[in-house]
Amino acid sequence: MSSSSAVSKPSPIAEASPLSLCALEPHVPADRLVAEMVPPPRFDSVRFSTYIPDPNQPSQIEAVGVLESFAGGLGGAHASGAGKAKRGFLGFGRPKAPKTPAGPRGVYLDGGYGVGKTHLLASLWHATPAEPSLKAFGTFVELTNLVGALGFQQTVQTLSGHRLLCIDEFELDDPGDTVLVSTLLGKLVDAGVALAATSNTLPGKLGEGRFAAADFLREIQGLSAHFRPLRIDGEDYRHRGLPEAPAPYSDEQVTKAAYATEGASLDDFPHLLEHLARVHPSRYGALTDGLKAVCLTDVRPIPDQSTALRLVVLADRLYDREVPVLASGQPFDKLFSEEMLQGGYRKKYFRAISRLTALARDAKSLITH
């Protein structure tokens, strides 16, 4: 059965038709971007105490202790309050001897995908003794989007009042954006903002799916002295002791589940990929707001790299929000070609496969037999 025929003959078990992501074109005002720079819903309740270290990886246990101490040291790290910080940014009103912890003002979590770096980064955000309005958490892409929306100087002024800025998945594969964000971070460090970051793999630095601290510190150049590299070894926890990803379902099963699940979306996968090209990636989070499940028919290999990178962003947003993904067609580990999996964005694609696989497991309960 084709995906179109599946959608045209819904099961009459729900009163309303499912949503279609292809029909949504969300717009996010610039003033919401800063307010929404908090850990995503998946990481609302994570804490250092909920991180489960692999007993075979002592570096994971050590990382928790180091980060707890780092968070504790930020209690009086900044001239308290956004107002004082802004006066300092303008060049007056700064205390003569601000309280700053000894050692680097930043930490860099160095490890492969799936070892819990985002969990630890979000735990650091939660543990830092400051009001949420004085802490920011976002991906590298979200930070560059903020600069695009507010302008460089306004972004510096806006974030200078923060106690901590956490950057997940620092992008090292775009030299222009790397220089832009490195310059921004330099201004923020001067204003007394503490930093924490993870990053992705440089093109050609494939290794074993992990990124090297040396690459990160070299690329951010003058900022390297501000970061303490924190190695976190381990295997992808999403695959640790878990069963293989479930096989794709039929178009009919996916469509029936979409109509039976309140708040679910139903889309033909190739059409969804076309729609993603018309929506800026900074809006993918808003695209998924309120979704309870994503149902996709006719999943097939991604045709090109630009499309693949957009799907990676969508997969991240769905994973952040714990939205299960039910699909027919090809399994998710067939999405990316061998050429893509051996190229410079290898880590991103493996992360997307890992996360979509986890969401596919979560979607098994949507199937009614």
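Residues numbered from 1 in each chain as written. Predicted model: local features only at pLDDT ≥ 70, side-chain atom pairs only at ≥ 80, totals over all residues. Heavy atoms only, no water.

Draft legend 1. Quick peek at the packing of helix H11 (residues 269–276) against helix H13 (residues 305–320). Orientation of H11 relative to H13, taken along the N-to-C sense of each, is 95 degrees, at an axis distance of 10 Å. Relative to H13, the element H11 is oriented roughly perpendicular. Between H11, through Phe269, Leu272, Leu273 and Leu276, and H13, the contact on the second element is made entirely by Thr307, Arg310, Leu311 and Leu314. Looking at the contact of H11 with H13, its residues break down into 6 nonpolar, 1 polar and 1 charged. (Axes fitted to C-alpha atoms, helices over the stretch in contact; angles between N-to-C directions. Helix = DSSP H or I, 4+ residues; strand = E, 2+ residues; numbered from the N terminus. Parallel < 35°, antiparallel > 145°, perpendicular 65-115°, else oblique. Contact = heavy atoms within 4.5 Å. Nonpolar A, V, L, I, M, F, W, Y, C, P; charged D, E, K, R; others polar.)

Draft legend 2. Main features of the confidence of the model for the chain. The pLDDT averaged across the chain works out to 81; a share of 78% of its residues lies at or above 70. Across the chain, element-level confidence peaks in strand E7 (residues 293–299) with a mean pLDDT of 98 and bottoms out in helix H4 (residues 82–89) with 34. pLDDT under 50 marks residues 1–14. Its contacts with residues more than four places away, or in other chains, come to 20 contacts. For the stretch residues 201–210, pLDDT sits under 50, and the model shows 30 contacts to residues farther than four places along the chain or on other chains. (pLDDT = per-residue confidence, 0-100.)

Draft legend 3. Molecular detail of helix H7 (residues 152–159). Restricting attention to buried positions, one finds in H7 the residues Thr155, Val156 and Leu159. All buried residues of H7 fall inside an arc of 100 degrees around its axis, so they share one side. (Buried < 20%, exposed > 50% of the residue type's maximum accessible area, 1.4 Å probe, protein only. Arc of directions from axis to C-beta.)

Draft legend 4. Structural detail: the packing of aromatic side chains. All told, the structure shown has 2 aromatic pairs when counted by the stated rule. Between Phe140 and Phe170, the ring centres sit 4.8 Å apart and the planes meet at 55 degrees, which makes this aromatic pair tilted. Pair noted here: Phe140 is in helix H6 (residues 140–150) and Phe170 is in strand E3 (residues 164–170), with a separation of 30 residues, a long-range link. Exposure remark for Phe140: the relative accessible area of 1% places this residue in the buried category. Overall, the relative accessible area of 0% leaves Phe170 in the buried class. (Phe/Tyr/Trp six-rings, centres within 6.5 Å; stacked < 30°, edge-to-face > 60°.)

Draft legend 5. Fine view of the sheet that holds E7. Taken in spatial order, the 3 strands of this open sheet run E6-E7-E8, and their pairing is parallel. At either end of the open sheet lies a strand with only one pairing partner, and these are strand E6 (264–268) and strand E8 (325–329). The sheet shows a mean angle of 15 degrees between the axes of neighbouring strands, direction not considered. Relative to E8, E7 runs parallel, the two sharing 4 bridges. What sits directly across from Val294, in E8, is Val325. (Pairing = 2+ DSSP bridges.)

Draft legend 6. Geometry of the pattern of salt bridges. Applying the stated criterion to the full structure yields 9 salt bridges. Asp233 is paired through a salt bridge with Arg231; the nearest N and O atoms lie 2.6 Å apart. Since its relative accessible area comes to 24%, Asp233 is described here as partly exposed. Through salt bridges that share partners, Glu169, Asp316, Arg351 and Arg355 make up one connected network. (Salt bridge = Lys/Arg side-chain N within 4 Å of Asp/Glu carboxyl O.)

Draft legend 7. Structural view of the environment of Glu262. Position of Glu262 among the secondary structure elements: in the loop between helix H10 (251–260) and E6. A C-alpha to C-alpha distance of 8.2 Å links Glu262 and Ala16, two positions 246 residues apart in sequence.

Draft legend 8. Layout of the pairing of E3. The buried count for E3 comes to 7 of 7 residues, which makes it a mostly enclosed element. Relative to E3, strand E2 (residues 135–139) runs parallel, the two being bridged by 5 bridges. Counted as the bridge partner of Thr139 is Asp168 from E3. Across 5 bridges, the pairing between E3 and strand E4 (residues 194–199) is parallel. Across the sheet, the residue bridging to Phe170 is Ser199, located in E4.

Draft legend 9. Broad picture of the nonpolar core. Ranked by size, the top nonpolar core spans 36 residues in total, and within it Leu335 and Phe336 carry the most contacts. Listed by contribution, the elements that provide at least two residues to this core are H11, helix H12 (284–287), E7, H13, E8, helix H14 (338–341) and helix H15 (346–362). The dominant element in this core, judged by the number of residues it contributes, is H13, at 8 residues. With near-sequence residues (within four places) excluded, Leu335 lies in contact with Phe269, Val299, Arg300, Pro301, Ile302, Leu311 and Leu356. Counting residues in each nonpolar core, the second largest holds 26 residues, with Ala71, Leu164, Ala194 and Leu230 among its members. (Core = buried A, V, L, I, M, F, W, Y, C linked by side-chain atoms within 4.5 Å.)

Draft legend 10. Expanded view of unusual backbone geometry. Positive phi, close to 60 degrees, is recorded for Glu169, a residue that is not glycine. Within the element layout of this structure, Glu169 appears in strand E3. Assessed through its relative accessible area of 11%, Glu169 is described here as buried. For Glu322, which is not glycine, the phi dihedral falls at a positive 55 degrees. Considering the arrangement of structural elements, one finds Glu322 in the loop between H13 and E8.

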